[in-house]
Amino acid sequence: MRVPEIPEEIAPALRAGDPPAPAQVAARPLIRRSARVPRSRVRLADHDAASLAELLCKAGGTASAARAVAGKVVRHAFGAEPGAPAPAWDAPALAALGVGAWAHEALLALDPGLSLEIAEQAPSTDDTLRLVLRAHDGALIESVLIPGPARTTLCVSSQVGCARACAFCETGRLGLARQLAAGEIVDQVRIARALAAERGGAPLRNLVFMGMGEPFDNLGEVLKAIRLLTDPRAFRFAPSHVTVSTVGVADKIEPFFREARAEIAVSLNAPDDARRQAIMPVNARFPMAALKEALARSLPQGRRVLFEYVLFDGYNDAPEDADLLAAYVAGLRCRVNVIPCNPGPDPALRPPSAARLDAFVARLSGHGVTTLVRRPRGRDVGGACGQLAGIARLRPPSPA
Ligand code: SAH
């Protein structure tokens with residue numbers, strides 16, 4: 001089902017900086033095009049409860065009063081069910097929450113609105129929906145909504161572009177344009193949650209940081225967003241249903257587990273250093289042994305790593321490569337997600353045949369490794385793993 005686009009005629013007035021007419025806000029509280037706001041005005045969704053409490057302490061509150069107010073505010077602003085009208089954000093609304101006048105000025109200086117607007121929606125024939133979202137400065141990022149029988153998943157971006165330059169990834173071709181603010185990560189979820197509710201089907205309950213960017217290169221903002229998204233007063237995502245996928249920035253693994261309650265996925269993609277380094281430049285700085293050592297040292301009790309292993313035909317998909325992979329992951333609590341490669345920037349990297357994929361999976365499972373195969377979703381609209389191109393997508397193709 002195609003989700004209705006935001007009427008184009010609303011856009012020019014909003015772009016000129018006019019506040020939207022109340023009727024428009026009421027009609028589409030969450031997915032309207034957002035007005036431009038001065039850069040200096042920080043957004044409410046850039047704060048988790050802890051950073052909000054810190055701000056309120058600076059505004060004159062005691063630590064305990066600041067914590068109590070921050071809790072009430074995140075519940076009020078973000079705790080409503082998807083599709084509910086935008087909560088009021090003014091002095092009477094704060095007073096009704098029991099927030100003292102001392103906190104009003106600091107709070108009302110924060111913008112509760114969305115930092116992103118929908119630039120394009122690309123529905124796939126498999127029900128996946130690729131979203132192109134535009135930030136206040138014109139930056140474009142992509143998120144992918146993936147419906148499932150029990151729950152819907154959102155694949156979110158953590159950066160505009162990416163500095164990691166993996167050979168098989170479209171985002172890697174862009175380079176890094178800028179970091180996303182925590183609110184821009186949260187707003188991908190707010191927008192997608194409203195769309196998922198409109199479309200019907202299972203509710204959005206699962207988040208994977210597998211969109212554009214390397215989350216561990218923007219860890220502070222990613223952690224703040226996760227804390228707000230998993231806050232039981234705010235968005236209430238189960239920490240076990242939030243997965244952060246990293247290229248393998250080994251020195252960020254320990255801080256990640258120290259500061260977030262979420263799951264980790266690690267993109268391995270090759271069974272040895274030589275082949276990994278040839279397609280993933282990060283391997284020069286953090287070779288596979290260092291990566292494994294950091295995981296073994298930091299993985300909390302009872303948690304598992306999800307290794308992602310993209311299969312490239314004739315490159316890393318031989319039965320002996322499955323043996324090497326099994327030896328590498330031995331001793332770590334983990335699962336391996338095998339992903340047939342999607343068409344990316346390097347035409348030499350192709351998906352294996354079904355027979356080679358099956359043989360690889362059987363060999364890996366035969367070593368006792370819990371092995372899952374990730375079916376490509378959204379490939380027809382360029383929304384599958386490694387295909388998110390953001391700004392490049394809306395640019396006219398350059399002449400060959
Ligand atoms: N930077 C993070 C998250 C973004 S990529 C990371 O690297 O993990 C999300 C997943 O898509 C990664 O596992 C990555 O290896 C995979 N991926 C990238 N390009 C792909 C392609 N062309 N085909 C299949 N998977 C790809």
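Our structure's up above, just so we're on the same page.
Residues numbered from 1 in each chain as written. Predicted model: local features only at pLDDT ≥ 70, side-chain atom pairs only at ≥ 80, totals over all residues. Heavy atoms only, no water.

The number of helices and strands found in the protein is 16 helices and twelve strands. Residues classed as buried in the protein amount to 53% of the 400 residues present. Put simply, of all contacts in the protein between residues at least 6 apart along the chain, 69% involve residues at least 24 apart. Approximately 16,800 Å² of the protein is accessible, and the part contributed by carbon and sulfur atoms is 56%. (Helix = DSSP H or I, 4+ residues; strand = E, 2+ residues; numbered from the N terminus. Buried < 20%, exposed > 50% of the residue type's maximum accessible area, 1.4 Å probe, protein only. Contact = heavy atoms within 4.5 Å. Areas by Shrake-Rupley, 256 points an atom, 1.4 Å probe, with all protein chains shown as cover.)

Moving on: the pairing of strand β2 (residues 129-135). Summarising burial for β2: six of the seven residues are buried, a large majority. Here strand β1 (residues 116-123) runs beside β2; their pairing, made up of seven bridges, is antiparallel. Looking at the pairing, Ile 118 lines up with Leu 133 of β2. What sits between the antiparallel neighbours β1 and β2 is a turn of five residues, in which Asp 127 has the positive phi angle 85°. By the bridge criterion, six bridges tie β2 to strand β3 (residues 140-146) in an arrangement that is antiparallel. Paired with Val 132 across the strands is Glu 142, a residue of β3. (Pairing = 2+ DSSP bridges.)

As a further point, take the packing of aromatic side chains. Counted under the stated rule, the structure contains seven aromatic pairs. Here the aromatic rings of Phe 168 and Phe 312 are separated by 5.3 Å at their centres, their planes lie at 40°, and the arrangement is tilted. Residue Phe 168 is located in the loop between β5 (159-161) and α7 (170-174), and its partner Phe 312 is located in the loop between β10 (305-311) and α14 (319-329); the two are separated by 144 residues in the primary sequence. Here Phe 168 falls in the buried class, since its relative accessible area comes to 16%. Classification of Phe 312 by relative accessible area gives buried; the value is 0%. (Phe/Tyr/Trp six-rings, centres within 6.5 Å; stacked < 30°, edge-to-face > 60°.)

Pairing within the open sheet is mixed, and its ten strands lie in the order β1-β2-β3-β4-β7-β8-β9-β10-β11-β12. Either end of the sheet is taken by a strand with one partner, and the two such strands are β1 and β12 (371-373). Going from strand to strand, the sheet's axes swing by 25° on average, the running direction of each strand aside. Where strand β7 (residues 204-209) meets strand β8 (residues 242-246), three bridges bridge the pair, whose relative direction is parallel. By the bridge assignment for β8, Val 208 is matched with Thr 243. (Axes fitted to C-alpha atoms, helices over the stretch in contact; angles between N-to-C directions.)

It is worth spelling out the environment of Glu 214 at this point. Considering the arrangement of structural elements, one finds Glu 214 in the loop between β7 and α9 (219-230). The buried category is assigned to Glu 214, whose relative accessible area is 3%. Residues Glu 214 and Val 160 lie 54 residues apart in sequence; the distance between their C-alpha atoms is 9.7 Å. Apart from residues lying up to four places away in sequence, Glu 214 is in contact with Ser 158, Gln 159, Cys 162, Arg 164, Ser 245, Thr 246, Val 247 and Val 249. Within the structure, Glu 214 has its side chain in polar contact with the backbone nitrogen of Phe 216 (distance 3.0 Å). (Polar contact = N/O pair within 3.5 Å; in protein donor to acceptor, adjacent residues only side chain to side chain.)

Let us look at helix α4 (residues 63-78). For α4, spanning 16 residues, the distance from its first C-alpha to its last is 22 Å, which sits close to the expected 22 Å at 1.5 Å a residue. In the core, the buried residues of α4 are packed alongside α3 (49-58), α6 (104-108), α8 (182-199) and α9. (Expected span 1.5 Å × (residues − 1).)

Around the ligand there are 19 residues in total, and Phe 168, Ser 245, Ser 267, Asn 269 and Asn 342 lie nearest to it. A distance of 3.0 Å separates a nitrogen atom of the ligand from a polar backbone atom of Phe 168. Asn 269 is positioned with one of its side-chain polar atoms (N or O) 3.0 Å from an oxygen atom of the ligand. For the ligand, the protein covers 96% of the area, taking 530 Å² as the surface of the free molecule. Only β8 and β10 provide two or more residues apiece to the shell around the ligand. Class assignment for the residues of the shell around the ligand results in nine nonpolar, eight polar and two charged. (Near = heavy atom within 4 Å. Nonpolar A, V, L, I, M, F, W, Y, C, P; charged D, E, K, R; others polar.)

So, about the environment of Val 186. Turning to its location among the elements, Val 186 is positioned in helix α8. In this structure, the C-alpha to C-alpha distance between Val 186 and Ile 226, residues 40 residues apart in sequence, is 8.2 Å. Sequence-distant contacts of Val 186, that is, excluding residues within four places in its chain, are made with Ala 45, Ala 225, Leu 228, Leu 229 and Phe 235.

Put simply, α14 and helix α15 (residues 354-366) touch, their axes get as near as 9 Å, and they point 35° apart. The interaxial crossing formed by α14 with α15 has right-handed handedness. Between α14, through Pro 319, Glu 320, Asp 321, Ala 322, Asp 323, Leu 325 and Ala 326, and α15, the contact on the second element is made entirely by Phe 360, Arg 363 and Leu 364. (Left-handed = near helix turned anticlockwise from the far one by under 90°.)

If you look at the biggest cluster of nonpolar residues, it comprises 111 residues, and the most contacted ones within it are Leu 107, Phe 256 and Phe 307. For this core, the element with the highest residue contribution is α8, accounting for eight residues. (Core = buried A, V, L, I, M, F, W, Y, C linked by side-chain atoms within 4.5 Å.)

Quick look at unusual backbone geometry now. Positive phi, close to 85°, is recorded for Asp 127, a residue that is not glycine. In this structure, Asp 127 sits in the loop between β1 and β2. In this structure Asp 127 comes out as partly exposed when scored by relative accessible area, which is 35%. A positive phi is found at Ala 165, a non-glycine position, where the angle reads about 55°. Considering the arrangement of structural elements, one finds Ala 165 in the loop between β5 and α7. Of the residues examined, Ala 165 reaches a relative accessible area of 38% and is grouped as partly exposed.

Everything listed here is a matter of geometry and, on its own, says nothing about what the molecule does.
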